[in-house]
Amino acid sequence: MFKNLLRELNDLNGQIIGIKIPVDEKGYLDRKCPNSECGKKFKINFEDWKNIVRDEAVFCPVCKNEAPSTEWNTAEQQEYINNQGISHIQDTFSKAIQKDAKHFNKQQKPGFINISLSYKPGNKIIPIPPAVAKELEQNYECNICMCRYSFLGTAYFCPSCGNENIQGNLKEGISNIENFINKHSEIKQALKKVLSEENSESYFSQIIEEHYCKIVSIFQKHAEYLFNNYPGSDKVKIRKNLFQNLYESSAKWKELTGKSYEDILDSQQYNKVKEHFQIRHLLAHTAGIIDEDFINKTNNNSYIVGKRIIITIEKLNDFLVLIKGFISAMNKEFRKKGVRSTFDPC
Ligand SMILES: [Zn+2]
Ligand SMILES: [Zn+2]
């Protein structure tokens, strides 16, 4: 009696239904990390999703969780996909049952008792395409696999190849320090609301010093990145943490590129950078207490041995501005050699 229905049921097995998921105006597809502790939403250029991203492994740009490409739908997209499936089944079954009922009724001969079948389809599910999240401002393009993606904050990894996005990390580091400098009065006030006057002063000084030291790590990471991407860098051996030391790294720089730091930065600026590096050295190794070695290296007699160095907001800002200029000058040199740096702070 249910010939058509049984046939359709059989046909549904393994059938693929084409579902169109909307993308934003720039052609980016919404994605969501399936790691329940992360769950960050990001976007991938739809063409790159189809052509570059592999089916077997996609990476979260924030936590580097790895999962097959089918696992990255947002809740709205998943609901839409499920409803599309149900709606397709409803349509197919409804038509088959109607056909079966018609066929059954046709076969009935008029008699004392008449049997007829009628079929009323239930409420049909109408899938509503998921709303597309608005375009995100932070756009990235992987230097290695060229996949284009975007995230509201800093992306640490490429979702397609999983490589570390060094440039993105540096950008975030600099912007955090800039935000701190711009909002330092408000931050100080906010600290006073939760801590005592004395504790908030001490805590505030500690944040300034941490940001100050962070500038050296930002420089170090960027310089290392450029160095390793320069043609012929595999022939120049460098030690770990070389770029924390300006004297040594400048020599290696010259060995690789033919130019030392003195050749790419004006001497007044470079002297200031050197002094800041020495101050950072004090903070890291003598708890900020000025020693003979520091006076000899900086040639600055305004410092007194035995006293502690004070990092003011002005000093922090001065260091940041100098390092941004320094990084830009390095990028310029590397661009001449065709080494691309996607991060330029100036
Ligand atoms: Zn994640
Ligand atoms: Zn990549």
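Parameters and conventions
- Residues numbered from 1 in each chain as written.
- Chains lettered and ligands numbered in written order.
- Predicted model: local features only at pLDDT ≥ 70, side-chain atom pairs only at ≥ 80, totals over all residues.
- Helix = DSSP H or I, 4+ residues; strand = E, 2+ residues; numbered from the N terminus.
- Rg over C-alpha atoms; globule rule 2.2 N^0.38 Å.
- Buried ≥ 20, exposed ≤ 12 C-beta atoms within 10 Å, placed from the backbone.
- Contact = placed C-beta atoms within 7 Å.
- Domains from an automatic or database assignment.
- Core = buried A, V, L, I, M, F, W, Y, C linked by C-beta atoms within 7 Å.
- Pairing = 2+ DSSP bridges.
- Axes fitted to C-alpha atoms, helices over the stretch in contact; angles between N-to-C directions.
- Parallel < 35°, antiparallel > 145°, perpendicular 65-115°, else oblique.

A. Fine view of the overall build of the protein. A count of helical and extended segments in the protein gives eleven helices and six strands. Since a compact globule built from 346 residues should have a radius of gyration of about 20 Å, the 32 Å found for the protein marks it as more spread out than a globular shape. Reported as C-alpha extents along the three principal axes, the dimensions of the protein are approximately 120 × 55 × 30 Å. Residues classed as buried in the protein amount to 23% of the 346 residues present. Contacts in the protein between residues at least 24 apart in sequence constitute 56% of all its contacts with a sequence separation of at least 6.

B. Representation of the domain arrangement of the protein within the structure. Structurally, the protein comprises domain 1 (1–164) and domain 2 (173–336). One C-alpha centre belongs to domain 1, the other to domain 2; they are set 50 Å apart.

C. Representation of the nonpolar core in the model. One finds I215, I218, F219, A223, F319, L320 and I323 to be the most contacted residues of the largest nonpolar core, which totals 26 residues. Ranked by the residues each element gives to this core, the list is headed by helix α6 (residues 197–229), at nine residues. Ignoring any residue separated from it by four or fewer positions in sequence, one finds L320 in contact with I177 and I215. Membership of the second largest hydrophobic core comes to 20 residues, among which are L29, V58, C60 and Y149.

D. Looking closely at the sheet that holds strand β2 (residues 41–45). The sheet built from four strands is open, its strands ordered β1-β2-β6-β5 with antiparallel pairing. Here the strands that pair on one side only, and so sit at the sheet edges, are β1 (28–32) and β5 (138–141). Neighbour-to-neighbour, the strand axes of this sheet turn through a mean angle of 30°, independent of strand direction. Note: β1 against β2, five bridges, orientation antiparallel. Among the inter-strand pairings, K32 is bridged to a residue of β2, identified as K41.

E. Up close: the pairing of strand β6 (residues 148–151). Residue alternation in β6 divides its side chains into two sets, R148 and S150 and Y149 and F151, and both sets are buried. Here β2 runs beside β6; their pairing, made up of two bridges, is antiparallel. What sits directly across from I44, in β6, is Y149. Where β5 lies against β6, four bridges are found, and the strand directions are antiparallel. Within β6, the position partnered with Y140 by the bridge is Y149. Two successive antiparallel strands, β5 and β6, enclose a turn made up of six residues, where M146 displays a positive phi of approximately 70°.

F. Structural detail: the packing of α6 against helix α11 (residues 313–336). In the contact formed by α6 and α11, the axes pass within 10 Å of each other and the chain directions differ by 5°. It follows from the interaxial angle that α6 and α11 lie roughly parallel. Residues I208, H211, Y212, I215, I218, F219, H222, A223 and L226 of α6 touch α11, and the partners they reach there are I313, L316, F319, L320, I323, F326, I327, M330 and F334.

G. Quick look at unusual backbone geometry. Located in the positive-phi region is K64, a residue other than glycine, with phi close to 65°. Note that K64 resides in the loop between β3 (58–59) and β4 (66–67). Given 16 C-beta atoms within 10 Å, K64 falls into the partly exposed group.

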